[in-house]
Amino acid sequence: MMKKIVLIAPFFGKLPKESFQLTLNSCKFNETIDWIIFTDDETKYDYPKNVKVVYQTWPGFAKLIKFSLNKKFHIEAILKDPYKLNDYKPLYGDLFPEYIRDYDFWGYTDISDVIYGNLRKFLVEKDLAQFEKINFLGHFTLFKNDRELNQRYSLPLDEGGSITEILKSTDNYAFDEFRKGSIHKIYIDNGFPFKRLDEMVADISPLRFAFQLSKFDDNYNQYYESFTKKIFSFKEGELLEWQLLTNSNVTYKEVGYVHFQKRKLKSKINLNQNSFLMTPYGFTDYQHIDVSVIKNNAPRKIYLPFFKLKWRALLKKLKK
């Protein structure tokens, strides 16, 4: 029997009108996977039947989490803004048992800057039977739904740290990803079975105008792939990454989802479409892809947000 999967995605603030319906359309084609979105944005969208929306204010959602953690650890958790949820994501299985009780796997994912392809093509049953954790990034990670496993976040961290120290701090520790003192490091240090599905994700760098992907080597060192002219297509549930290797050599491969990290893509298309293209210029109507389409839509040029992000990072570093 196919393992049941649910993905939890809180989002507070205004969801991007230019693209969110397209994200929901991509969820619709993953009919054997469910999403639960906690949000205060009551804009009318066409939510597919496998996406449940729970309307909740940010103060109410934060209060609910802090109350639960106070009961578990007798601490006053700090949760002043949604960005801090990065440190809380691995706790969702323990914090929201009523939402995940009917599922074999639960996970967290981004919802405002992703388009999903055929996730089941990558989340194969053999891996779900063998591994207790799939992937290690904050925009998509799965865990086996088991009471003991759902509390692994509370195991000792590197150099004697603990999750309670993270939850009582205003700093963001990226506990949901991989670094010292993170949920993935707990899995590595304790030898718990996990699997990386690097081929599943196309994680687009926010530091370049062109679609260059962020990747990790076997030691979790981040790097950026070499530049190639690249675009993506979505056609009724199939998500393809297209690139031009030479002036005449077009290649493509299927991916599980694309993550437009810190990038707002413009849209000039009907948002109810089930087929479209994604280029650095935004969402466009679907068309046959050839050399000219990729060349015309994937330039290499100066990207002003790069300098803004670098400036913010410098200011943050100086402040510390």
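Computed from a predicted structure; not experimentally measured. (Residues numbered from 1 in each chain as written. Predicted model: local features only at pLDDT ≥ 70, side-chain atom pairs only at ≥ 80, totals over all residues. Heavy atoms only, no water.)

Student: Talk me through the sheet that holds strand β5 (residues 114–116); I want residue IDs and the actual numbers.
Tutor: Pairing is mixed in the open sheet, where three strands are placed in the order β5-β15-β9. Edge positions in the open sheet fall to β5 and β9 (201–204), since each of these has one partner strand only. Neighbour-to-neighbour, the strand axes of the sheet open up by a mean angle of 10°, direction not taken into account. Judged from the three bridges that link them, β5 and strand β15 (residues 257–260) form a sheet pairing that is antiparallel. Bridge assignment links V114 to a residue of β15, and that residue is H259. (Pairing = 2+ DSSP bridges. Helix = DSSP H or I, 4+ residues; strand = E, 2+ residues; numbered from the N terminus. Axes fitted to C-alpha atoms, helices over the stretch in contact; angles between N-to-C directions.)

Student: I'd love a proper account of the side chain of T228, names of residues and values included.
Tutor: Of note, T228 is situated in the loop between β11 (222–224) and β12 (229–235). For T228, a relative accessible area of 16% corresponds to the buried category. If we ignore the near neighbours within four places in the chain, the residues touching T228 are Q243, L244 and L245. (Buried < 20%, exposed > 50% of the residue type's maximum accessible area, 1.4 Å probe, protein only. Contact = heavy atoms within 4.5 Å.)

Student: Please provide a residue-by-residue account of the packing of aromatic side chains, values included.
Tutor: Under the criterion given, the structure shown has 32 aromatic pairs. Taken together, a centroid distance of 4.9 Å and an interplanar angle of 20° make the contact between W106 and F143 stacked. On the criterion of sequence distance, the pair formed by W106 in strand β4 (residues 105–109) and F143 in strand β7 (residues 140–144) is long-range, its members being 37 residues apart. With respect to class, W106 is no different from F143; both count as buried. By the ring-pair criterion, three or more aromatic residues cluster together here, those being F12, F38, W58, F61, Y92, F96 and Y99. Across the ring face of Y103, the terminal group of K4 is positioned such that the distance to the ring centre comes to 5.3 Å. Between K301 and the ring centre of F209, over which it is positioned, the NZ or CZ distance is 4.4 Å. (Phe/Tyr/Trp six-rings, centres within 6.5 Å; stacked < 30°, edge-to-face > 60°. Lys NZ or Arg CZ within 6 Å of the ring centre and 35° of its normal.)

Student: So what's going on with helix α1 (residues 20–28)? Which residues, and what values?
Tutor: Counting buried positions along α1 yields eight of nine residues, so the element is predominantly enclosed. Buried within α1 we find F20, Q21, L22, T23, L24, N25, S26 and C27. Where α1 is buried, its residues meet β2 (33–39), β3 (51–55), β5, β12, β16 (275–279) and β17 (282–285).

Student: Residues and numbers for the pattern of salt bridges, please.
Tutor: Side chains bearing opposite charge may pair, as long as their charged atoms lie close to each other. As enumerated under the stated definition, the model contains 14 salt bridges in all. Its salt-bridge partner being K14, residue D41 comes within 3.6 Å of it at the nearest N-O pair. Note that D41 is positioned in the loop between β2 and β3 and K14 in the loop between β1 (5–8) and α1, a separation of 27 residues in sequence. In this structure, D189 and K185 form a salt bridge, with 3.0 Å as the shortest nitrogen-oxygen distance. With D189 and K185 both in helix α7 (residues 183–190) and four residues apart, the pair spans about one turn of that helix. Through salt bridges that share partners, K89, D110 and D176 make up one connected network. (Salt bridge = Lys/Arg side-chain N within 4 Å of Asp/Glu carboxyl O.)

Student: Hey, could you go over the pairing of strand β6 (residues 133–137) for me, with residue numbers and the actual values?
Tutor: Burial of β6 is extensive: five of the five residues sit out of reach of the surface. Pairing of β6 with β7, which is carried by three bridges, proceeds in the antiparallel orientation. Of the residues in β7, the one forming a bridge with I134 is L142. The hairpin formed by β6 and β7 contains two residues between the paired strands. When β6 meets strand β8 (residues 194–195), the two strands line up parallel, connected through two bridges. Pairing of I134 across the sheet is with K195, part of β8.

Student: Describe in detail helix α2 (residues 58–73), supporting the description with residues and values.
Tutor: In a regular helix each residue adds 1.5 Å, so 16 residues correspond to 22 Å; α2 covers 22 Å between its end C-alpha atoms and thus fits that length. Turning to α2, its buried residues are W58, F61, A62, I65, S68 and L69. Buried residues in α2, looked at end-on, bunch into an arc of 130°, giving them a common side. More than 90 degrees from the buried face of α2, the exposed residues found are P59, K63, F67 and K71. (Expected span 1.5 Å × (residues − 1). Arc of directions from axis to C-beta.)

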